[in-house]
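# Notes for the structure review
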Amino acid sequence: MEPLLQPRAGKYDLGDEDGGTKGRSELLGLLDRLIDFTDALSADFVSDAKRVRDLKERLITERFHLAVLGQFKRGKSTLINALIGEPLLPTSVLPLTSIPTFLSAGSKRRIRIFFRDGKSKEFGELSSNQAVEILTNYVTEERNPENKLAVSWVEVEHTASILNQGVILIDTPGIGSTFRHNTEATLAFLPQCDAALFVVSADPPITEVEVDFLKAVYAKVSRLFFIMNKADYLDLDEGNRAVEFLSKVVGQSVGLDGNDHVLRVSARQGLQANLNHDDALWGASGWQCWKRVC
Ligand SMILES: Nc1nc2c(ncn2[C@@H]2O[C@H](COP(=O)(O)OP(=O)(O)OP(=O)(O)O)[C@@H](O)[C@H]2O)c(=O)[nH]1
Ligand SMILES: [Mg+2]
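So, here is what we can say about the structure in this document. (Residues numbered from 1 in each chain as written. Chains lettered and ligands numbered in written order. Predicted model: local features only at pLDDT ≥ 70, side-chain atom pairs only at ≥ 80, totals over all residues. Heavy atoms only, no water.)

## Regarding the overall build of the protein
A tally of regular secondary structure across the protein gives ten helices and nine strands. Within the protein, buried positions represent 47% of all 294 residues. Considering only contacts in the protein between residues 6 or more positions apart, those separated by 24 or more positions represent 69%. Counting every atom, the protein has about 14,500 Å² of accessible surface; 51% of that belongs to carbon and sulfur. (Helix = DSSP H or I, 4+ residues; strand = E, 2+ residues; numbered from the N terminus. Buried < 20%, exposed > 50% of the residue type's maximum accessible area, 1.4 Å probe, protein only. Contact = heavy atoms within 4.5 Å. Areas by Shrake-Rupley, 256 points an atom, 1.4 Å probe, with all protein chains shown as cover.)

Below, the structure is given as structure tokens:
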């Protein structure tokens, strides 16, 4: 399997004889013209102008957006917590994450909240508990119901080594819950993804809602990997059959070879393994292909 968290070399090469430099500068020129154009439009287009600026910045800095997507409660936030080795993102038995949250490398924990009106708020040098509290206040359905705080997105800087490769891990609101606005927030966000980890659960198996979402995702994000989470619910044989079923559905719905793209893990055990520095549990919870992070 191709390493999931390595941006492909030459990702932005556009096939020119000079290895992509010419294509890249042409694209930057085009984006500059588009920025001038959107700047000249009315205030209704402020968020479009911002999106083009972000795109340009991503192209310059070669940041790689790896989004974690899936139906509500499949364990997306827990999975990212397992990858960074800290229970930072709020998780719950109820539909929870309501705002896209971008995690990037930093020397300290820092959080920036970006609001719909263009304003932002920053919290720096945070302890783990402080960071959890702030995130809970802004990105959860529980404390920010129907996004009454009008948050657009949240950025978190964190010291986890997994973020040191230019990868931005993105937690997203789960689709398909009774909170329709969460589904809409995630669908609107898809064009910003370079690749995605599509999280499903070992039990229940992938549903019709997830297959429809998968098709919508695949139309916008072609580099897709599948995480069958909560593997701890099933024994080995049941797990094998669940992976087989998922691979078949993935093949039938978007034509990807599931055998190459499905990783079976327990995010919950992975997080425990990291917190307890337990290599055996880390391997047993399905994370062998990633080094334990702390
Ligand atoms: N048994 C088991 N439970 C898990 C695992 N991963 C997550 N959970 C539990 O599943 C529930 C949902 O986890 P979250 O990480 O909040 O799920 P989510 O996909 O982020 O949910 P939304 O933000 O609502 O979309 C929580 O109660 C987690 O503890 C796992 O690997 N095994
Ligand atoms: Mg979540």
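So that's the structure; there's more coming.
## Regarding the site of ligand 1
Around ligand 1, a shell composed of 21 residues is seen, among which Lys73, Lys76, Thr78, Leu96 and Asp232 lie nearest. Take glycine 174: an N or O atom from its main chain is 3.2 Å from an oxygen atom of ligand 1. In this structure, an oxygen atom belonging to ligand 1 sits 3.2 Å away from a side-chain N or O atom of serine 266. Out of a free accessible area of 650 Å², ligand 1 has 94% covered by protein chains. Counting atoms within 2 Å of the grid points, the majority share of ligand 1 lands in the second largest pocket. Broken down by element, the shell around ligand 1 gets its largest block of residues, three residues, from helix α3 (residues 76-84). The residue inventory of the shell around ligand 1, partitioned by class, reads six nonpolar, nine polar and six charged. (Near = heavy atom within 4 Å. Polar contact = N/O pair within 3.5 Å; in protein donor to acceptor, adjacent residues only side chain to side chain. 1 Å grid on protein atoms, 1.4 Å probe; cavity = no way out; pocket = protein on both sides within 12 Å on 5 of 7 lines; lining within 4 Å. Sits in = over half its atoms within 2 Å of the grid points. Nonpolar A, V, L, I, M, F, W, Y, C, P; charged D, E, K, R; others polar.)

## A few points about the coordination of the magnesium ion (ligand 2)
Protein-derived coordination of the magnesium ion (ligand 2) comes from Ser77 (OG) and Thr97 (OG1), at a distance range of 2.0 to 2.1 Å. With a gap of 20 residues between them, serine 77 in helix α3 and threonine 97 in the loop between α3 and β2 (101-105) connect regions that are remote in the sequence. (Donors = N, O, S within 2.8 Å, 3.2 Å for Na, K, Ca; no water.)

## Some thoughts on the layout of surface pockets
Here the largest pocket defines a volume of roughly 1,100 Å³. What lines the largest pocket is a set of 42 residues, and nearest its centre among them are Lys50, Asp54, Ser152, Trp153 and Gln192. Of all the elements in the fold, those that place two or more residues in the lining of the largest pocket are α2 (46-61), β2, β3 (110-115), β5 (151-158) and α5 (180-189). Considering each element in turn, the lining of the largest pocket owes the most residues, eight residues, to α2. Among the residues forming the lining of the largest pocket, the class breakdown is 17 nonpolar, ten polar and 15 charged. When residues of the lining of the largest pocket are sorted by domain, at least three fall in each of domain 1 (1-62) and domain 2 (63-284). One number sums up the size of the second largest pocket: a volume of about 630 Å³. If you go around the second largest pocket, you meet 35 residues; those closest to its centre are Gly75, Thr78, Thr91, Ser92 and Lys230. Within the residue set of the lining of the second largest pocket, elements represented by two or more residues are α3 and α9 (267-275). (Points joined across faces, edges and corners; volume = space filled by probe spheres on them. Domains from an automatic or database assignment.)

## Structural notes on the packing of helix α6 (residues 208-220) against helix α7 (residues 236-254)
How two helices sit against one another is set out by the angle between their axes and by the gap between those axes. Running from N to C, α6 and α7 cross one another at 55°; their axes reach a closest spacing of 10 Å. The orientation of α6 with respect to α7, classified from their angle, is oblique. The way α6 lies across α7 gives a crossing that is right-handed. Across the interface between the two elements, Val211, Leu214, Lys215 and Tyr218 from α6 touch Val249, Val250, Ser253 and Val254 from α7. Here the contact of α6 with α7 is built from residues that sort into six nonpolar, one polar and one charged. (Axes fitted to C-alpha atoms, helices over the stretch in contact; angles between N-to-C directions. Parallel < 35°, antiparallel > 145°, perpendicular 65-115°, else oblique. Left-handed = near helix turned anticlockwise from the far one by under 90°.)

## Side note on unusual backbone geometry
Looking along the chain, the bond that leaves aspartate 203 and enters proline 204 is cis, with omega of 5°. By secondary structure assignment, the location of proline 204 is in the loop between β7 (195-201) and α6. The phi dihedral of alanine 150 falls on the positive side, at around 55°, and the residue is not glycine. Within the secondary structure, alanine 150 is located in the loop between α4 (128-139) and β5. Alanine 150 sits in the partly exposed class, given a relative accessible area of 25%.

## Quick look at α9
Helical periodicity: at 3.6 residues per turn, an α-helix aligns residues three or four positions apart in one direction. All of the buried residues in α9 are Ala267, Gly270, Leu271, Ala273 and Asn274. Around the axis of α9, the buried residues are gathered within 160° of arc, so they sit on the same side. Against α3, β8 (224-229) and α10 (279-287) lie the buried residues of α9. Two residues or fewer past α9, histidine 277 is found with a positive phi of approximately 55°. (Arc of directions from axis to C-beta.)

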